[in-house]
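Survey of secondary and tertiary structure
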Amino acid sequence: MGKKAELHYDGEVFDIPVVTGAENENALDISKLREESGLITLDRGFKNTGSTASAITFLNGEQGILRYRGYSIEELASKATFLEVAYLLIFGELPNKEELEKFHNDIIEQSFVNDDVKKIVDAFPGAAHPMGVLSSLTSALTAFNPDDVSLDYTRSKEEMYNPIVKVMGKIPVLIAWAFRKKNGFPLEYSSKTKNLSYVENILQMMFKRPNKDYIQNPVLVNVLNKLLILHADHEQNCSTSTVRIVGSAHAGLFASISAGISALWGPLHGGANQAVLEMFNAIKEDGGDTQKYINKAKDKEDPFRLMGFGHRVYKNYDPRAKIIKEAAHSILETLGIDDPVLDIAKELEKQALKDSYFVERKLYPNVDFYSGVIYRAMGIPSDMYTVMFAL
Ligand code: CMC
């Protein structure tokens, strides 16, 4: 007999089973509550509700711990490649050499995007926000992949393999096209060479200029690899939950992911990385008075929030922010860039962390606070940052 809690209501006692997670965290399983007691629960914003049991990611917001399949995020970010981590998240174990090679080859095989999709890219105005472009193009893939599977979780692992490699092959192509369109570069295609790693291929698809070889810069490869690992999974956040809700009605793979991309766009979620960099720039242009903006963030009459600060779950320093902060320092130093926005970021962080408003509310820098500094150093414009998160 497992653990249980009791609900005393209206003279009756109802048993509520307690489910214990992989790290001994406990949850009340209320799935039979209405049937047995006629009661439902109200949890505004799902602050206290899980929609499924999952063995993929563990996070403890109070202690600032994040683990994928039992591995700490710090260890994965320092030792693994993004493709290994993707494999780990999806299949539960790190791949051996052969498994990784097969996974990579299968992704490359599935990276073809119909040429007609380029016509859609061309039809967007130059100023179109790349997140809107990405979500539309992802949705459009449904039309070009009529055999696209529904996200039916009763499918076997074998049946889900093809959609997985399809998504991992095609989405980077769309992202590269959105970036190239924005920069006025011709829409070239993936080199499809097996000599390039997954991340190198993305960089080449994005940055290669017509009639010029693209020389890989190991600093950029390394930092993009890290960023992709840090953004790879985060339990049932807004966008992941959206994909799951849309997919739960067995809508198609690309339709479900397109909905998730739209959810990610919001400035309180993935869109925060763009908002953060724009905030740093605004502070710089306004004379660099960081205290003025800290005061604005504290002022309840002022709608301004310190973007990149605070988190729905982390009530401690976001472990991803720590790694990204170090990476931002290191990339600027290695590339010899002296970016004043990094100083503004550090100053804001320093002031906020000793200010009772932020301390009492447990508001710390989140994953988006320093990531824009890195994307900027890589030559990526700010409205592409959330697209990189989507990647
Ligand atoms: N600046 C100023 N005050 C804040 C901030 C902030 N960034 N974040 C929260 N607060 C205050 C908020 O006003 C409230 O104060 P009070 O108790 O006096 O009413 C208190 O802190 C709790 O805030 P909340 O909105 O109830 O907290 P939440 O857990 O619902 O919201 C959040 C989390 C991420 C939406 C919020 O912290 C925020 O808007 N942050 C800025 C946007 C941001 O950086 N988003 C990226 C999140 S991480 C990347 C991702 O996963 O997508």
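Procedures and definitions
Residues numbered from 1 in each chain as written. Predicted model: local features only at pLDDT ≥ 70, side-chain atom pairs only at ≥ 80, totals over all residues. Heavy atoms only, no water. Core = buried A, V, L, I, M, F, W, Y, C linked by side-chain atoms within 4.5 Å. Buried < 20%, exposed > 50% of the residue type's maximum accessible area, 1.4 Å probe, protein only. Helix = DSSP H or I, 4+ residues; strand = E, 2+ residues; numbered from the N terminus. Contact = heavy atoms within 4.5 Å. Near = heavy atom within 4 Å. Polar contact = N/O pair within 3.5 Å; in protein donor to acceptor, adjacent residues only side chain to side chain. Areas by Shrake-Rupley, 256 points an atom, 1.4 Å probe, with all protein chains shown as cover. Nonpolar A, V, L, I, M, F, W, Y, C, P; charged D, E, K, R; others polar. Axes fitted to C-alpha atoms, helices over the stretch in contact; angles between N-to-C directions. Parallel < 35°, antiparallel > 145°, perpendicular 65-115°, else oblique. Left-handed = near helix turned anticlockwise from the far one by under 90°. Pairing = 2+ DSSP bridges.

All right, on to the nonpolar core then. One recurring pattern in soluble globular proteins: nonpolar side chains tend to sit buried together. Ranked by size, the top nonpolar core spans 108 residues in total, and within it Phe280, Met378 and Ile380 carry the most contacts. Here this core takes 13 residues from helix α7 (residues 157–183), the largest share from any one element. Beyond its immediate stretch of four places on either side in the chain, Ile380 contacts Phe179, Met206, Phe207, Tyr375, Tyr385 and Met388.

Before going further, it helps to spend a moment on unusual backbone geometry. At Asp10, a residue that is not glycine, the phi angle is positive and equals roughly 55 degrees. With respect to the helices and strands, the residue Asp10 is situated in the loop between β1 (4–9) and β2 (12–20). Judged by relative accessible area, Asp10 falls into the exposed class, the value being 69%. At Phe46, a residue that is not glycine, the phi angle is positive and equals roughly 50 degrees. With respect to the helices, strands and loops of the structure, Phe46 is situated in the loop between α1 (33–37) and β4 (57–60). Given a relative accessible area of 63%, Phe46 falls into the exposed group.

In the region of the ligand, 24 residues are neighbours, and His269, Arg305, Leu306, Gly308 and Tyr357 sit closest. Taking Arg305, its side chain carries an N or O atom lying 2.7 Å from an oxygen atom of the ligand. Arg312 has a polar side-chain atom sitting 3.0 Å from an oxygen atom of the ligand. With the chains in place, 79% of the 940 Å² that the ligand exposes on its own is no longer accessible. Tallied by class, residues from the shell around the ligand come to 11 nonpolar, 6 polar and 7 charged.

Looking now at helix α3 (residues 82–91). α3 sits mainly inside the fold: 7 of its 10 residues count as buried. All of the buried residues along α3 are Phe82, Leu83, Val85, Ala86, Tyr87, Leu88 and Leu89. Directly after α3, the chain includes Gly92, whose backbone phi takes a positive value near 95 degrees.

With that settled, the discussion passes to the packing of helix α9 (residues 218–230) against helix α14 (residues 319–334). One can describe the packing of α9 onto α14 by two numbers: an axis separation of 11 Å at closest approach and a directional angle of 170 degrees. Taken together, the axis directions place α9 and α14 in an arrangement best described as roughly antiparallel. The two elements α9 and α14 cross, and the hand of that crossing is left-handed. Residues Val219, Leu220, Val223, Lys226, Leu227 and Leu230 of α9 form the contact with α14, whose participating residues are Arg320, Ile323, Ile324, Ala327, Ile331 and Thr334.

The next point concerns the sheet that holds strand β6 (residues 71–72). Reading across from one edge, β4-β5-β6 is the order of the 3 strands in this open sheet, with antiparallel pairing throughout. The open sheet has two edge strands with one neighbour each: β4 and β6.

A few words now on the sheet that holds β2. The strand order β1-β2-β3 describes an open sheet built from 3 strands, whose pairing is antiparallel. Edge positions in the open sheet fall to β1 and β3 (26–28), since each of these has one partner strand only. Across this sheet, the average inter-strand angle for adjacent strands is 30 degrees, counted without regard to direction. As paired strands, β2 and β3 are joined by 3 bridges and run antiparallel to one another. Across the sheet, residue Val19 finds its bridge partner in β3, namely Ala27.

Next up on the list: the side chain of His234. Here His234 is to be found in the loop between α9 and α10 (238–248). The class of His234 is buried, set by a relative accessible area of 8%. Polar side-chain contacts of His234 include one of 2.8 Å to the side chain of Tyr314. Once you skip the residues sitting within four places of it in the chain, His234 turns out to touch Leu59, Leu66, His311, Tyr314 and Arg320.

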